[in-house]
Amino acid sequence: MENSIIDEKIINDLLPQKFGKAGKIWVALLTVVCLIGLFAYYRQIRYGLVVTAMRDYVSWGIYISNFVFFVAISLVGSLITAIFRLAGVKWGSPLTRIAEIIAVAAIIFASLIIIVDMGSPERFYNLFTHGRIQSPIIWDVIVITTYFFISLLLLYYPLLPDIKILLRYKEKSGNRMHKFYSYIGSFWKGTPEQFKLSEKAINILCVTIIPVAFTIHTVTSWLFATTYRPGWDSTNFGAYFIAGAFLVGSGAVVVAMYVFRKAYHLEKYITENHFEKMGRVVVLLSLLYLYFNMNEFLTPFFKMKKSEEGYLNGLFSGDFATVFWFAILIGMIIPIIILLFKSGRKPLPMFIVGVMVIVGAWFKRYLIVTPTLLHPFLPMHDAPASYHHYFPSWEEWAITMGSLAGALLIITILARVFPIIPIQETLTEEHEKAI
Amino acid sequence: MENNSRRDFLLTGLITAGLVSGCTPKTDPFEAGASDIAVPSGKKVKLLSVDGEEIEVDEAFLKPVPHMPPVSNTEARIGIPGKKFVMVIDLSRCKNLKKCQSACNHAHELNPGENWIKVDPMQDAEHTAPYWEPTTCMHCDEPPCVKVCPVDATFKRQDGIVLIDSDRCIGCRFCMAACPYSTRVFNWGEPEIAPAIAALPYSCETSVPQKKGTVGKCDFCADMTRMGELPHCVSACPNGVFAFGDLNEDSVSNGAETFRFSDLIKDKGGYRLMEDLGTKPSVYYLPPVSRNFPFESGLENDKVQNK
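Keep in mind the model is a prediction, meaning the values are calculated, not measured.

A. Region of interest: the packing of aromatic side chains. In the structure shown here, the tally under the stated rule is 44 aromatic pairs over all chains. Between Phe-324 of chain A and Trp-325 of chain A the ring centres are 4.9 Å apart and the planes differ by 80°, which places this aromatic pair in the edge-to-face class. By relative accessible area, Phe-324 of chain A is classed as buried at 2%. For Trp-325 of chain A, a relative accessible area of 39% puts it in the partly exposed group. The ring of Phe-186 of chain B carries Arg-173 of chain B above its face, with NZ or CZ at 5.3 Å from the centroid.

Below, the structure is given as structure tokens:
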């Protein structure tokens, strides 16, 4: 009897809630940013990539940085869900859905932004009709697609028991939502066999998503590392990218945790203890990423080979020094210092650290792409003056911001439609505790 | 193909009118098309035959030949059998005149600011004198650009020429990132092309017309080599900087002189750019020793383009 009262309370707390005023403003804002981005993309389609500031030397700009950023952030789905689950980490379960939602949103925009970067997007189908397996781009197409579907399933399967609960609360969700829920999940009866089957499926997905997640990020790093360019010609790149991806992904989860907790009053479910534990995870990942950065920059810096010289000087003390040191300090060192203290792992400081990690990571991705292209082997001489510099045009900024807003919009909508914390799992855990 | 219209006759006087089709002095040139030809106008035009003979033809019989049928995409992708094209660039002869560049830009209808041939001032060490170094596409035997292209839009032919199929290029610019010689250019906007050129059928051998959102680069003038002629940069250079030829014949020519390729490389200490990368370029350089011009003489041509 008492159990059902508690259940009722939990379900009531966790059911998706309608947007309040702040939520509506938020959605409107994101939509506007997306629309501006769409308009900029229309201009790019019409006039060509000439509307960007990219030119023959810097032929990849913030679109590719942004792509790498999205791929990085999407790695979180496998970290929180799969690795925690397989390692038997129980405290992570309220965070799994947040992580999976972020992963799905990020991977969608990673694939969109790569199409945006194409000079002739109308020939996208050539990738399938004339695809050559030698090209790392084809590897990327394959793993991104695979990762997208596994992530989607990993979001969907654990949702099924929750949809059954949602279907019981028709008056709360409204008619249209009810129809949608029954469309995607009414076959789920919650029988022991179904639970067993779903458990098995989720376990298989968790095991498969880890290598796929590692591959997607390693392949993205190989897009660069398979070239001869100074700054990209690195054997460290795969590991370096994965370490960075884990860090930015967990930073994103921390930020999302904080925001959802505030917006949906989930203090009882996402507790200070969760922040404390995530803080430990983030500090570990920051240290790991710092370690790979040392590998990436210290060894070539020590030797200072001629081809690397201009590139490294540009990073450490030249044109890119401000961004470089900003990314290192804000993205790694200051977060490490803050998180080493117990009071630094409280929700608000954690939120700030999460934002720092994400911002630092975005600029870090910028630094991976641009400085290398501005330091080719042969001098940039016999080319128009405008080819020697790169600062993104308004269209590039608008499209990039639009894609970031679009990812946030997907996260927001999914959080509106589905319970952000798995209800069924919370109930089960509550029951286990009672016993 | 070989004994087709173009080389059979040289048109004097009427440079733009095109070339007379299929006529040799032995056969009646106008028989085939006689039905659609108008009455003789009485005005004669002088032409020069391949034998060096001057002949006269009635103006009414002259008609512009439609452009040579472009080679099929498959043919263009295979290349010319038995050939292996190489280029030798003699750095001691270059004074940055940029005739090669303008001839190339003209022949390939490049937009202002785009150059397939670049001429860079180079200096090997602080104590050595600077020199001018023209760069073309290196047409590598292990081309990094071809490896990374996801759709086989850039490809290496069996005669060593690396080409781009602009009808297939998706504009991902991975080849540009992969090329250590920075030779590739991108059509960022809609290229400005004269309507007559824009109407030409695209062929990867001519690289014309350029297309928005695709990559372009030096093609060793594959259309010229198919006709057995030198690339435009080679014939445009008054100083004989470029020599072009067939490695299998072991000979290269700059138009005025012909050299034995292997001797040239051996005697003058020829080298390739960034050989340590393992790309195996088909473009060889002769070091700038005993120069024909001082470095300074090229400075006046070295204006930075502001576009």
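B. Seen up close, the packing of helix H12 (residues 237-264) of chain A against helix H13 (residues 272-303) of chain A. Residues and elements named next belong to chain A. Contact pair H12 / H13: the axes reach a minimum separation of 9 Å and the direction vectors enclose 155°. One element, H12, and the other, H13, form an angle in the roughly antiparallel class. Note that H12 runs across H13; the crossing there is left-handed. Residue composition of the contact of H12 with H13, grouped by class: 18 nonpolar, 5 polar and 3 charged.

C. Just the pattern of salt bridges, in detail. Residue and element names in this part refer to chain A. Counted according to the given criterion, the structure contains 30 salt bridges over all chains. Two residues, Arg-43 and Glu-395, come together in a salt bridge whose shortest N-O distance is 3.0 Å. In this pair, Arg-43 is assigned in helix H2 (residues 21-47) and Glu-395 in helix H17 (residues 394-417), connecting sequence segments 352 residues apart. Judged by its relative accessible area of 24%, Arg-43 is partly exposed. Taking the relative accessible area as the measure of exposure, Glu-395 reaches 4% and is therefore buried.

D. Region of the structure containing the interface of chain A and chain B. The interface is formed by 45 residues belonging to chain A together with 56 residues belonging to chain B. Summed over both partners, the interface of chain A with chain B comes to about 4,000 Å²; 55% of that surface belongs to carbon and sulfur atoms. Contact with chain B buries surface across chain A, with Tyr-228, Leu-378 and Asp-382 of chain A losing the most and accounting together for 20% of the total. Inspection of the chain A/chain B interface yields 3 salt bridges. For Arg-132 of chain A, the salt bridge identified is with Asp-152 of chain B, shortest N-O distance 3.6 Å. At the junction of chain A with chain B, the criterion picks out 30 residue pairs in polar contact (both at pLDDT 80 or more). A breakdown of the residues in the side of chain A that touches chain B according to their chemical character gives 23 nonpolar, 14 polar and 8 charged.

E. Structural context of unusual backbone geometry. Residues and elements named next belong to chain B. For the peptide bond that leads from Val-208 to Pro-209, omega is -5°, which places it in the cis range. Here Pro-209 is to be found in the loop between helix H6 (195-198) and strand E10 (215-216). A positive phi is found at Phe-220, a non-glycine position, where the angle reads about 55°. Within the secondary structure, Phe-220 is located in the loop between E10 and helix H7 (222-226). Using a relative accessible area of 2% as the deciding quantity, one classes Phe-220 as buried. Positive phi, normally seen in glycine, also occurs at Lys-280, with a value near 50°. For Lys-280, the position within the fold is in the loop between helix H9 (261-267) and strand E14 (283-286).

F. Main features of the state of the cysteines. Residues and elements named next belong to chain B. The final tally for this structure, using the stated rule, is 0 disulfides over all chains. Free of any disulfide, Cys-175 has its nearest cysteine sulfur in Cys-172, 6.3 Å distant. Since its relative accessible area comes to 9%, Cys-175 is described here as buried. This cysteine, Cys-204, is not joined by any disulfide, and Cys-169 carries the nearest cysteine sulfur, 12 Å off.

G. Highlighting the nonpolar core. Within the largest apolar cluster, 156 residues are counted, with the highest numbers of intra-cluster contacts made by Trp-60, Ile-80, Ile-102, Phe-224 and Ile-420 of chain A. Broken down by element, the residue count for this core peaks at 18 residues, all from H12 of chain A. Apart from the residues lying within four places of it in its own chain, the contact partners of Ile-420 of chain A are Pro-94, Arg-97, Ile-98, Ile-101, Phe-260, Tyr-264, Leu-266 and Ala-415 of chain A. Residues Ile-117, Met-138, Tyr-202 and Cys-237 of chain B belong to the second largest nonpolar core, which totals 45 residues.

H. Layout of the side chain of Asp-302 of chain B. You can see Asp-302 of chain B is positioned in the segment after E14. Assessed through its relative accessible area of 17%, Asp-302 of chain B is described here as buried. Setting aside chain neighbours within four positions, we find Asp-302 of chain B in contact with His-381 of chain A together with Asn-96, Lys-98 and Trp-132 of chain B.

I. Main features of the sheet that holds strand E12 (residues 251-253) of chain B. All names here are of chain B. Overall, mixed pairing links the 5 strands, which are arranged E13-E12-E11-E4-E14 in an open sheet. The open sheet is flanked by strand E13 (258-260) and E14, the only strands paired with a single partner. Adjacent strand axes in the sheet meet at a mean angle of 25°, parallel and antiparallel pairs treated alike. In this sheet, E14 lies alongside strand E4 (residues 85-90) in parallel orientation, the contact comprising 4 bridges. What sits directly across from Asp-90, in E14, is Leu-286.

J. Seen up close, the environment of Phe-292 of chain A. All names here are of chain A. Structurally, Phe-292 can be placed in helix H13. Look at Phe-292 and you get buried, because its relative accessible area is 15%. Phe-292 sits 210 residues away from Ala-82 along the chain, and the two C-alpha atoms are 23 Å apart.

K. Main features of the packing of helix H3 (residues 62-74) of chain A against helix H5 (residues 93-116) of chain A. Residues and elements named next belong to chain A. For the pair H3 and H5, interaxial distance at closest approach is 8 Å and the crossing angle is 160°. Considering their axes alone, H3 and H5 lie roughly antiparallel with respect to each other. Judged by the sense of rotation from one axis to the other, the crossing of H3 with H5 is left-handed. Residues Tyr-63, Ile-64, Asn-66, Phe-67, Phe-70, Val-71, Ile-73 and Ser-74 of H3 form the contact with H5, whose participating residues are Ile-102, Ala-103, Ala-106, Ile-107, Phe-109, Ala-110, Ile-113, Ile-114 and Val-116.

L. Representation of helix H4 (residues 76-86) of chain A in the model. Residue and element names in this part refer to chain A. Counting buried positions along H4 gives 8 out of 11 residues, so the element sits mostly inside the fold. All of the buried residues in H4 are Val-76, Gly-77, Ser-78, Leu-79, Ile-80, Thr-81, Ala-82 and Phe-84. Buried residues in H4 make contact with H3, H5, helix H7 (136-156), helix H11 (192-225), H12 and H13. Looking one or two residues past H4, Gly-88 carries a phi angle of roughly 70°, positive in sign.

M. Representation of the pairing of strand E3 (residues 54-58) of chain B in the model. Residue and element names in this part refer to chain B. Relative to E3, strand E2 (residues 44-49) runs antiparallel, the two sharing 5 bridges. For Leu-48, the partnering residue across the bridge sits in E3 and is Glu-54. Two successive antiparallel strands, E2 and E3, enclose a turn made up of 4 residues, where Gly-52 displays a positive phi of approximately 90°.

About the cut-offs
Residues numbered from 1 in each chain as written. Chains lettered and ligands numbered in written order. Predicted model: local features only at pLDDT ≥ 70, side-chain atom pairs only at ≥ 80, totals over all residues. Heavy atoms only, no water. Phe/Tyr/Trp six-rings, centres within 6.5 Å; stacked < 30°, edge-to-face > 60°. Buried < 20%, exposed > 50% of the residue type's maximum accessible area, 1.4 Å probe, protein only. Lys NZ or Arg CZ within 6 Å of the ring centre and 35° of its normal. Axes fitted to C-alpha atoms, helices over the stretch in contact; angles between N-to-C directions. Helix = DSSP H or I, 4+ residues; strand = E, 2+ residues; numbered from the N terminus. Parallel < 35°, antiparallel > 145°, perpendicular 65-115°, else oblique. Left-handed = near helix turned anticlockwise from the far one by under 90°. Nonpolar A, V, L, I, M, F, W, Y, C, P; charged D, E, K, R; others polar. Salt bridge = Lys/Arg side-chain N within 4 Å of Asp/Glu carboxyl O. Contact = heavy atoms within 4.5 Å. Buried area = accessible area lost by both parts, 1.4 Å probe. Polar contact = N/O pair within 3.5 Å; in protein donor to acceptor, adjacent residues only side chain to side chain. Disulfide = S-S within 2.5 Å. Core = buried A, V, L, I, M, F, W, Y, C linked by side-chain atoms within 4.5 Å. Pairing = 2+ DSSP bridges.

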